[in-house]
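Fold and contact review
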Amino acid sequence: MKHLFWIFFLGFSTMLQAQELITYEVPGGMFYSAHNDDFTVKVRTPGGEWKDLYEYKVGVDMDTQSTASMVSFDFTGTVEVQVRKNNGLVNAVQIRPLSYGITPKVQERIITFTLDQPRKISLEVNGDKLQNLHIFANSILKDIPDPDDPNVMYFGPGIHQPKDLPGDVFRIPSGKTVFVDGGAVIKAKLLVDTAHDVKIVGHGIVFQPERGVEVRHSQNVTIDGPIFINPKHYTIYGGQTTGLTVRNIKSFSNQGWSDGIDLMSCSDVIIDDVFMRNSDDCIAIYGHRWQFYGNAQNYQVKNSTLWADIAHPINIGGHGNTEAGGDTIENITFTNIDILEHDEDDRNYQGCLSIACADNNLVRNVSYKNIRVEDFQEGQLFHFRVVYNPKYSSASGRGIENITLENIEYNGNGANPSTIHGYNKDRLVKDIQFKNLKINSKLIENASDGSVKIGEYTDGIKFKK
C-alpha cells in the first residue's frame, strides 16, 4: 500500500507540474488604442483562477476593411478557455479549422471549451468570419536566450521603435538571435540583409510595419513564433536566400499587396505550423523578381492554416528570369494544410492551389497531400495553367509537370470549375495525378465529376482511388 501511495503521489505531482499557463500584458501605451471590445476572453488551468487576456484588434479583409479580435497565451498540459460575446445574441458558435473537432459549450453569451495541445483557431459567432475571434495557444518556450549575451538582440515587455526615427527598421547582423518577449510590441521591420545564422524567436508582436521580416541574400535564417499585425505589405519577404525556416508565425493583413509569405529565388525552405490570414496570397513561391536571381528548390510547407481573404492561399510560378530562359521551381511539398477561405473575383487569379507558370519558368515535382479546404466565398479548388499574363510577366511559362494531389478534401458549395490548361504544343501541363480527391465526401474518379475543365495542351491527367 505504501508503494502504491507513492506511485499515486508522484503521478499526481507530475500532472500538477505539467499544467502551466503564461499570459502577457499589453504595453501601457497601447492599452486603449489597440483594444477590441467585441469579446472578453479568459483562460485558466483546470479548476484554477481565471486570467484575463488582452483582446487585440486586427484588420482583416481588404474588401470590407473589417476589424476582428486576437488573443494569445502559452501553456502546457490542459487549459480552459472562456469567451464572452459582449454585443448581440449568440445563436450559433463554430470553431475552425473544423478538422480539429473542437465543440464548445454555449450558455447565453458565454462560450467555453478546453485545449490540450497548442492550437491556432478562429471562433465565429452566428457565422461571422469578419468580426471573429482568433485564439493563438502556443506551447511554452524553452531555452530562452540570455538578454546579456552579446549575440542576443532582446526585445522585452513594452513598445520598441528604432531610435533614429522616423526610421522603421531594426537591422539584424550575422550570428544574432533576436528574442521578442510575449509582452513586446515592435513597431518596425526586421531586416536580415547579406547575413547568415540568424534566429528571430519569441511570442511577441510586430505591429503595423512596412514589412514584417525582410530576408535578402542570406543563409540559415529562422523565424519562429511572432505575431504580425497588419504590415503594409508582406509579412515575410524573402529573396535569394537558402536555408530559411518559418515556423509558428501568425499573420494578419488587409491592404493591397499585403501578401503573407512571398519568396523569390529561395531554396531549402521549411514553412511549418503557420497561421496566415492575408488580403493577398498567403504563400507565394517565385523565381527571379526585382534584384533576386536563381531557381526555387526544395520547399516543405506543412501543418498550417491558410486564410486568403483576397487571392490565393497557395500560389506558385508567376515570376522568373525571362531573358535568361526562365527559372526552375521544383521539389515542393504541401502537407497537412487547412484552407479556411479563398475569395477572388478575377478568374485569372483563382485557385486555392494555384500554379500559374509564366516568364519561361518550369514548375515540376510539386506534391499536395492531406489538404482540407473548407467552404469559401469565390474561386476555384485548383488552377494549373501555363500562362502569359502581360500585367505581371513577359512570356509564358515553359511548362508544368509531375504534380500529385493526394487526400484532398473540399467541403463547400459554389466553387467555380477548376482549370488545367497548357499554352501551346511545346509548353504543356502534363503528368497530373489525383489520388483520393473528395468533394463533399464524394470520391472523384474523373474530371467531369470533379468539375474540372481540362483544356488544350495537356497530357497525362489521371484520377485514381
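Each chain carries its own residue numbering, running from 1 in the direction its sequence is written. For this predicted model, a pLDDT threshold of at least 70 governs which residues receive local features, and a threshold of 80 or more governs which side-chain atom pairs are given and counted, while totals over whole chains, interfaces and linings are taken from all residues. Hydrogen atoms and water are omitted, and side-chain values are computed over all heavy atoms in the structure.

Attention now moves to the overall build of the protein chain. The helix and strand labels rest on DSSP assignments: H or I over at least four residues marks a helix, E over at least two residues marks a strand, and numbering proceeds from the N terminus. Of the regular secondary structure elements, the protein chain holds 1 helix and 42 strands. Note that the radius of gyration is over C-alpha atoms, with the globule rule given as 2.2 Å times the number of residues to the power 0.38. In terms of overall size, the protein chain behaves like a compact globule, its C-alpha atoms giving a radius of gyration of 23 Å where 465 residues would be expected to give roughly 23 Å. Dimensions of the protein chain, computed from C-alpha atoms along their principal axes, come out at roughly 75 × 55 × 50 Å. Whether two residues are in contact is decided by their heavy atoms, any of which lying within 4.5 Å being enough. The long-range share in the protein chain, meaning contacts at least 24 apart out of those at least 6 apart in sequence, stands at 70%. Total accessible area on the protein chain is roughly 19,700 Å²; 46% of this is exposed by carbon and sulfur atoms. Charged side chains in the protein chain number 45 positive and 57 negative. The centres of these two groups are separated by 3 Å. What sets the accessible areas is the Shrake-Rupley method with a 1.4 Å probe; for residues, cover comes only from the shown protein chains. Charged residues are defined narrowly, with Lys and Arg counted positive, Asp and Glu counted negative, and His plus the chain ends left uncounted. Note on charges: their place is set at NZ of Lys, CZ of Arg, CG of Asp or CD of Glu.

The peptide bond linking arginine 96 to proline 97 adopts the cis configuration, its omega dihedral lying at 5°. Position of proline 97 relative to the elements: it lies in the loop between β7 (93-96) and β8 (105-107). A positive phi angle is found at tryptophan 257, which is not glycine, with a value near 65°. Along the polypeptide, tryptophan 257 turns up in the loop between β25 (250-252) and β26 (261-264). Located in the positive-phi region is asparagine 360, a residue other than glycine, with phi close to 65°.

A pair of strands is labelled paired if DSSP reports no fewer than 2 bridges between them. Pairing within the open sheet is antiparallel, and its 5 strands lie in the order β3-β2-β6-β9-β8. Each edge of the sheet is formed by a strand with only one pairing partner; in this case those strands are β3 (51-52) and β8. Across 2 bridges, strand β2 (residues 39-44) lies against β3 in antiparallel orientation. Directly across from valine 43, in β3, lies its bridge partner lysine 51.

Counting residues in hydrophobic clusters, the biggest one holds 76 residues, and the most contacted among them are Ile223, Ile316, Phe334 and Tyr368. Apart from residues lying up to four places away in sequence, isoleucine 316 is in contact with Ile285, Ile329, Ile332, Phe334, Ser354, Ile355, Ala356, Val363, Val366 and Tyr368. Residue types Ala, Val, Leu, Ile, Met, Phe, Trp, Tyr and Cys, when buried and joined through side-chain atoms within 4.5 Å, form a set referred to as a nonpolar core. Accessibility here uses a 1.4 Å probe with only protein chains present; expressed as a share of the type maximum, an area under 20% marks a residue as buried, one over 50% as exposed, and anything in between as partly exposed.

Patches were defined on residues exceeding 30% relative accessible area and lacking a salt bridge, with like-charge contacts within 9 Å and nonpolar side-chain contacts (Val, Leu, Ile, Met, Phe, Trp, Tyr) within 5 Å. Throughout this description, the term salt bridge denotes a Lys or Arg side-chain nitrogen within 4 Å of a carboxyl oxygen of Asp or Glu. Among the surface-exposed residues, Asp63, Asp345, Asp346 and Glu378 lie close enough to one another that they form a single negatively charged patch. Mapped onto the secondary structure, glutamate 378 falls in the loop between β34 (362-373) and β35 (382-386). Using a relative accessible area of 30% as the deciding quantity, one classes glutamate 378 as partly exposed.

Summing up the model confidence of the protein chain, the mean pLDDT is 94 and the portion of residues at 70 or higher is 96%. One confidence number per residue, pLDDT, is output by the predictor and ranges from 0 to 100. In the predicted structure, residues 1-17 sits below a pLDDT of 50 and forms 0 contacts with residues beyond four places in sequence or in another chain.

Counting through the fold element by element, tyrosine 368 comes out in strand β34. Among the residues examined, tyrosine 368 registers a relative accessible area of 0% and is labelled buried. Ignoring anything within four residues of it in the chain, the contact list for tyrosine 368 reads Ile316, Phe334, Leu353, Ser354, Ile355, Phe384, Ile403, Thr404, Leu405, Glu406 and Ile408.

Turning our attention to the pairing of strand β11 (residues 133-139). Extensive coverage of β11 is indicated by the burial of 6 of its 7 residues. Relative to β11, strand β5 (residues 66-76) is paired through 7 bridges, and the arrangement is parallel. From the neighbouring strand, valine 71 faces β11, where its bridge partner is isoleucine 135. For strand β10 (residues 119-125) and β11, the ladder comprises 5 bridges, and the chain directions are antiparallel. Its bridge partner lying in β11, lysine 120 is registered against phenylalanine 136.

Let's shift gears to the environment of threonine 419. Tracing the sequence through the fold places threonine 419 in strand β37 (residues 418-421). When the C-alpha positions of threonine 419 and aspartate 197 are compared, they lie 41 Å apart, and in sequence the two are 222 residues distant. Here threonine 419 is in contact with Gln380, Phe382, His383, Phe384, Arg385 and Lys453, once residues within four sequence places are set aside.

As a further point, take the pattern of salt bridges. For the structure on display, the rule yields 15 salt bridges. The closest approach of N and O atoms between arginine 96 and glutamate 124, which form a salt bridge, is 2.9 Å. Of this pair, arginine 96 sits in strand β7 while glutamate 124 sits in strand β10, and the two are 28 residues apart along the sequence. Take arginine 96 and glutamate 124: they sit in the same class, and that class is buried. Here glutamate 214 makes a salt bridge to arginine 211, at a shortest N to O gap of 3.0 Å.

Mapped onto the secondary structure, aspartate 359 falls in the loop between β33 (353-357) and β34. Here aspartate 359 sits buried without a salt bridge, and the closest side chain of opposite charge, arginine 289, lies 7.6 Å off (N-O distance). At 3.1 Å, the side chain of aspartate 359 and the side chain of threonine 322 are in polar contact. Here a polar contact is recorded for every N or O atom pair within 3.5 Å, except that within protein the pair must consist of a potential hydrogen donor and a potential acceptor, and residues adjacent in sequence are included only if both atoms are side-chain atoms. Side-chain polar atoms of aspartate 359 contact the backbone nitrogen of serine 394, separated by 2.8 Å.

Moving on, we come to the packing of aromatic side chains. Working definition: a ring pair exists when centres of Phe, Tyr or Trp rings (six-membered ring for Trp) sit within 6.5 Å. Plane angles under 30 degrees give stacked, over 60 give edge-to-face, the rest tilted. Summed over all chains, the structure comprises 20 aromatic pairs. With 6.2 Å between their ring centres and 85° between their planes, tyrosine 349 and tyrosine 392 make a pair best called edge-to-face. Here tyrosine 349 is found in the loop between β32 (328-342) and β33, whereas its partner tyrosine 392 is found in the loop between β35 and β36 (399-410), with 43 residues between them in sequence. With relative accessibility at 30%, the residue tyrosine 392 sits in the partly exposed group. Three or more aromatic residues link up through ring pairs in this structure, and these residues are Phe334, Tyr368, Phe382, Phe384, Phe434 and Phe463. If you follow lysine 85 out to its NZ or CZ, it ends over the ring of phenylalanine 39, 5.8 Å from the centre. A ring has a charge above it when a Lys NZ or an Arg CZ is no more than 6 Å from the ring centre and no more than 35 degrees off the ring normal.

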